[in-house]
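Geometric and topological summary
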Amino acid sequence: MPQLAFAGSFWESYDVLEKPVRAGVRKAMQKFQQLTVPELHADKGLHLESVENARDPRMRTIRINDFWRGVVLAPDDGSNVFLLVNVVPHDQAYSWAARRMYTTNSATRALEVRNVVAIEELTPALEKAAAASDSLLFAKYSDTVLRELGIDDQVLRAVRTIVDTTQLRAFETLLPEDQCEVLQYLAEGFSPEEVYRDVVAERQPVDAGPDPDESLAVAIANTTSRITLVTGPDELVHILEKPFAAWRVFLHPSQRRVAYRVSYRGPVQVTGGPGTGKTVAALHRVKHLLTRSPDTRVLLTTFTGVLAASLRENLSVLLDSDASLLARTDVTTVNAYAHGIVSRIDGKVHSPLGDREERQLWQRVIKNLGLPWPEQFLAQEYRHIILAQDLRSWDEYRVASRRGRGSALSSARREQLWPAVELFESMLRDRKATTHLGVCARAAELLAASSPTHDHVVVDEAQDLHPAQWRVLRGAVSPSRDDMFITGDPHQRIYDSRVSLGSLGIAVTGRTHRLRVNYRSTEEILSWATGIMSQVSVDDLAGDSSDSLAGYRSLLHGRRPHIKGYTSEQAEIAALVERVQGWINQGIRPSEIGVCTRFNVLLDKAYDRLSAAGVPAARIRDNPGPQVEGVRLATMHAMKGLEFRCVAVLGVSAGVVPFAREVTPASVDALQHQSDLLRERCLLFVACTRAREALAVSWTGEPSPFVPC
Ligand SMILES: Nc1ncnc2c1ncn2[C@@H]1O[C@H](COP(=O)(O)OP(=O)(O)OP(=O)(O)O)[C@@H](O)[C@H]1O
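Residues numbered from 1 in each chain as written. Predicted model: local features only at pLDDT ≥ 70, side-chain atom pairs only at ≥ 80, totals over all residues.

**With respect to the overall build of the protein chain**
Of regular secondary structure, the protein chain possesses 28 helices and 26 strands. Here the protein chain has a C-alpha radius of gyration of 28 Å; the compact-globule value for 709 residues is 27 Å, and the two agree. Along the longest, intermediate and shortest principal axes, the C-alpha atoms of the protein chain span 90 × 60 × 55 Å. Here the protein chain holds 709 residues, and 42% of them are scored as buried. (Helix = DSSP H or I, 4+ residues; strand = E, 2+ residues; numbered from the N terminus. Rg over C-alpha atoms; globule rule 2.2 N^0.38 Å. Buried ≥ 20, exposed ≤ 12 C-beta atoms within 10 Å, placed from the backbone.)

**Quick look at the site of the ligand**
Around the ligand sit 21 residues in total, of which P274, G277, K278, T279 and Y519 are the nearest. Where the shell around the ligand is concerned, the elements lending two or more residues are α13 (246-249) and α15 (278-292). Broken down by element, the residue count for the shell around the ligand peaks at three residues, all from α15. For the shell around the ligand, the class distribution of residues is seven nonpolar, ten polar and four charged. (Near = placed C-beta within 6 Å. Nonpolar A, V, L, I, M, F, W, Y, C, P; charged D, E, K, R; others polar.)

**Concerning helix α23 (residues 436-448)**
For α23, spanning 13 residues, the distance from its first C-alpha to its last is 18 Å, which sits close to the expected 18 Å at 1.5 Å a residue. Burial runs high along α23: ten of the 13 residues are buried. Residues of α23 that are buried: H436, L437, G438, V439, C440, A441, R442, A443, A444 and L447. Tucked into the core, α23 has its buried residues touching α18 (334-346), β12 (351-352), α20 (375-387), β13 (433-434) and α24 (467-476). (Expected span 1.5 Å × (residues − 1). Contact = placed C-beta atoms within 7 Å.)

**Notes on the sheet that holds strand β3 (residues 59-63)**
The strand order across the open sheet built from six strands is β2-β3-β4-β5-β1-β8, with neighbouring strands paired in mixed fashion. Either end of the sheet is taken by a strand with one partner, and the two such strands are β2 (49-50) and β8 (227-230). The sheet contact formed by β3 and strand β4 (residues 68-73) spans five bridges and is antiparallel. Looking at β4, one finds that R63 is bridged to R69. Most of the contacts of helix α2 (residues 19-34) go to β4, to which it runs at about 35 degrees, and overall it touches β1 (3-7), β3, β4 and β5 (81-89). (Pairing = 2+ DSSP bridges. Axes fitted to C-alpha atoms, helices over the stretch in contact; angles between N-to-C directions.)

**Quick notes on the UniProt feature "binding site: ATP" (unreviewed entry) in the protein chain**
Using the residue numbers shown here, the UniProt feature "binding site: ATP" (unreviewed entry) corresponds to G272, G273, P274, G275, T276, G277, K278 and T279. For G275, the location among the structural elements is in the loop between β9 (268-272) and α15. On the basis of neighbour count, G275 is assigned to the buried category, with 26 C-beta atoms found within 10 Å. Filtering out sequence-adjacent residues up to four positions away, G275 remains in contact with N518, Y519, R520, S521 and T689. You can see G277 is positioned in the loop between β9 and α15. Setting aside residues no more than four positions away along its own chain, G277 makes contact with W247, H252, Q255, L515 and Y519. (UniProt positions renumbered as here; feature names shortened; annotations may be inferred.)

**Re the sheet that holds strand β15 (residues 484-488)**
Sheet strands pair by backbone hydrogen bonding; their relative direction is either parallel or antiparallel. Pairing in this open sheet of six strands is parallel, and the strands run β11-β10-β14-β15-β9-β16 from one edge to the other. Strands at the two margins of the open sheet, each flanked by one partner only, are β11 (329-333) and β16 (512-515). Neighbour to neighbour, the strand axes of the sheet diverge by 15 degrees on average, direction disregarded. Sheet topology places β9 next to β15; four bridges connect them, and they run parallel. Bridge assignment links V270 to a residue of β15, and that residue is T487. Across the face of the sheet, α18 comes into contact with β10 (298-302) and β11 while running at roughly 110 degrees to β11.

**Some remarks on the pairing of strand β26 (residues 691-700)**
Burial within β26 is extensive, with ten of its ten residues counted as buried. Looking at chain direction, strand β21 (residues 562-566) and β26 are connected through five bridges and run parallel. Paired with I563 across the bridge in β26 is V697. Bridge analysis of strand β25 (residues 644-649) against β26 gives five bridges, and the strand direction is parallel. Note on β26: the bridge partner recorded for C646 is A694. With helix α28 (residues 670-688) bridging β25 and the parallel β26, this β-α-β connection has right-handed handedness. (Right-handed = clockwise from strand over helix to strand, strands pointing away.)

**Quick notes on the packing of helix α26 (residues 569-585) against helix α27 (residues 600-612)**
Packed helices, taken two at a time, are described by their axes: the angle between them and the distance between them. Relative orientation of the contacting elements α26 and α27 amounts to 50 degrees, with a least axis distance of 10 Å. Considering the angle they form, α26 stands oblique to α27. Note on packing geometry: the crossing formed by α26 with α27 is right-handed. On α27, the residues touching I573, L576, V577 and V580 of α26 are K605, A606, R609 and L610. Residue composition of the contact of α26 with α27, grouped by class: six nonpolar, no polar and two charged. (Parallel < 35°, antiparallel > 145°, perpendicular 65-115°, else oblique. Left-handed = near helix turned anticlockwise from the far one by under 90°.)

**Quick word on α20**
Regarding α20, the residues found buried are F377, L378, Q380, E381, Y382, R383, H384, I385 and I386. In the core, the buried residues of α20 are packed alongside α19 (355-369), α21 (394-399), α22 (411-430) and α28.

**Some thoughts on unusual backbone geometry**
With the exception of glycine, the majority of residues adopt a negative phi angle, and the majority of peptide bonds are in the trans configuration. Geometrically, the link from V657 to P658 is a cis peptide bond, its omega value of 0 degrees lying close to zero. Looking at the secondary structure, you find P658 in the loop between β25 and α28. Positive phi, close to 55 degrees, is recorded for S321, a residue that is not glycine. Turning to its location among the elements, S321 is positioned in the loop between α16 (305-318) and α17 (323-326). For S321, a count of 10 C-beta atoms within 10 Å gives the class exposed.

**A few points about the environment of K432**
One can find K432 in the loop between α22 and β13. A tally of 9 C-beta atoms within 10 Å means that K432 is categorised as exposed. In this structure, the C-alpha to C-alpha distance between K432 and T302, residues 130 residues apart in sequence, is 28 Å.

**Re the confidence of the model for the protein chain**
Confidence along the protein chain averages 91 in pLDDT terms, with 99% of residues attaining 70 or more. In the model output, the complex is listed with pTM 0.80 alongside ipTM 0.99. (pLDDT = per-residue confidence, 0-100.)

**Observations concerning the packing of α18 against α23**
Running from N to C, α18 and α23 cross one another at 55 degrees; their axes reach a closest spacing of 8 Å. In terms of orientation, α18 and α23 fall into the oblique class. α23 is crossed by α18, and the crossing has left-handed handedness. Between α18 and α23, the residues in contact are V334, N335, A338, H339, I341, V342 and I345 and H436, V439, C440, R442, A443, L446 and L447, respectively. For the contact of α18 with α23, the per-class residue count stands at ten nonpolar, three polar and one charged.

**Quick look at the nonpolar core**
Counting 54 residues, the largest nonpolar core has V286, A338, C440, A443 and V472 as its most contacted members. Those residues in contact with C440, other than ones at most four positions away along the chain, are V334, N335, A338, A468, Q469 and V472. Core analysis: the second largest hydrophobic core is formed by 53 residues, V577, A617, A694 and L695 among them. (Core = buried A, V, L, I, M, F, W, Y, C linked by C-beta atoms within 7 Å.)

Next comes the structure, spelled out in C-alpha cells:
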C-alpha cells in the first residue's frame, strides 16, 4: 500500500478552501490509503495523471472536483510515499506543477522545492547586471564554502548574481527552502560555521550516509520541519478534520532549539519581533518540561486574561488534550496568580483600584498636602521607584537610587514626597482597597516566606512586567536549572515597565536567544510596520543594553498596506465600513478581521456604523469565543498578543497618537517624556503587527508623526 505525506505548501492552500472542496480532498486522500499503486493509476475518479512538460517527471495532478486539482509528487524509485504538495484551481495546476522541481538538499538531506523555470529565466539577465556591479552580496564566500552549506549548481549560479538583500528577497519564493535560509543567515552576517551549526546540522539526520541521493521516501522522512507523514487512516481523518495548526508540528530550527533543549542552567530569555513564534516556543517548552519528568508542575503566565484563555486552548491542542499533562500546568496572568497566593495565605485580598480611581486618589493626596507636583508625577514616582524597588520606609526611600527618572529631587523634596506615599497608602487601607502592584508586592512577600508553588515558570509577553510582578514569579519557583523560560519583545512594551532582571535575581546572561523569522505577517506589512520603530532605540528585556530588530523578516508576501488620510472622521469611518465589506466579499470571515483605535470613543462609532451597515461586530473586551461571528473591535492596548487576517487601524491622527495627555511634559521630566513617547510609538507598532495578510491604517486631518513616510 502507498503511504501519504503532506507538504507545508499543501496546508497553506487547504486551510483557505471551502468546505465541499475540503471534503473532495479528503475523499481523494482516502484512496491513497485504500488502493494499491496500480489501482491508484487506474482509478477513474482520481485521474492521477502526469503533467505535460513538467520539469520534475514525478509531478502528477489528481482531480478534486471540476474546478480544483491536487498536485502530487509520485515516487519513481520503487519507494511508496506520495507527497501532496498543493491544491490549485484547475487552470493553474498544470503550470504550477510544470515549473516546480523537488530535490534533496546535499547537506540537510531534506526535500526542497524550487521554481526551476523562473530561476533559469532570470539568471542570465541578472548575470549581465551583476557583471557591471561593484559588489556582490555573497562574494566573500567561496563555492566550496557555499556547497558545504548545501548550495547546489543552479542556486550557486543564481547566488553569484545577487547584489543586495533586496534582490535576495525577490528570489525568496523561487529558491529551495533550506538553501534560501542558509543564504538569508549569511546575508545577515552570520559566519558559515554558525550557519552550519544552526541551520544545516540542526536538520541533518544523525545517521546520514555519504550518498545524498537516497529514495524520495527517505528525503520525505528527513524533512520533518516541512512535511507531515500520515501513518494510518485514523490519523488522516484526524489531521484533515481539525484546522491544521502548523506550529504544532513544524518548528523553525531556531524555535526547536530553544524549546526542546534538554536543560538550561538557569533562567533563559527568548526575544524576537512580533509574530516570530515566541508564544509557540513558550508552549513547546511547557510540553518539553511536562513530558520530561512525570511530577513537574509548570506555571505559564501571560499579560491578559484573554491571552491566558488562548494559551490554555493552544496548550490543550499541543498536548492532544492529555488531561494528566494539563492538570500539572497552571495558565494564568501574573496578577491573577498573585491574587490567588494572597487570598490563599492571607485569607482575603482587598480589591485593586482601576487606573482612574488611582489617579483621583493621587489628586486628593496632592490637594490635602498642598504638594507642588502633578498627580502623574507622583503616580510615576510611586510605580517606577517605590514599588519597583519595594521601598517600605522613609529611610529606604531617602537613600534610594532614582536612576531612570529625569528630574532631580533634593533631600528636602524627597522628605516632602514621602508623606504623600504614606497618605496614599493609608487612604487605600481606609477604603479596603489596594493596587494590582500592591497585591503583587504582598504575594512576593508571602512567597518569600513560604515554599515555591511550581518547578518551572514559563513567562510569555514578558516585556510589560513590572519589577513587583517579576518578584512574584521569582518567588513561585526556586532558583535552579530550568527555573524560568521567558519570552517577550521589548519593541512591544506598551506599559512603560523598566526592569533590571539581574537585580531581581533573574540572571539570563549567556542564555539569551533571538527568533527572527516572522510567521504571521507578509514582508510588505512587516517592512512598513518596522518603519514605525526605525528611529528609536529600545532597552532589551533584561534592562542591560538595547535591543534591535536586525534580521527580522517574513517569508510571506502579499499586498502593501493601505495607508490613507481623510478630511473628516465620518469619511474615515465610511471608508472603513467599505473596506471591511470588501474583505468579507473576498471570502474573509468577519471574525478574521480586527479593527482597532487608540480610544473607545472612536471604536464605538466604528461599531455603530458597521452594525448599521449590516456587518456583524463584537468587542474583544466582551471576550467573544471563537464561535461568535463578527468583526473584532479593540483598543490598541487590547490588541496585544492577538492576530487577524486583516486589520484596520483607525484614527492614527496627530494629537491622538501620541496622546498628549498620556505624555509627561518634557519640562516635568525629560526622561519620562521620552519614554512616554516611545510607549505610544510601540502601541502603534503592536496594533499594526497584528495583521497577517492585509493592513489598512487611516487618520483624519494630519497623520500621527509615527506614521512612516
Ligand atoms: N513554526 C511555525 N510554523 C507555522 N506557524 C507558526 C510557527 N511559529 C509560529 N507560527 C504562527 O505564527 C503566528 C505568530 O506566532 P506567535 O503568536 O507565537 O508569535 P509571537 O512572537 O508570540 O508574536 P507577538 O510577539 O506578536 O505576540 C501564529 O499564527 C503562529 O501560529
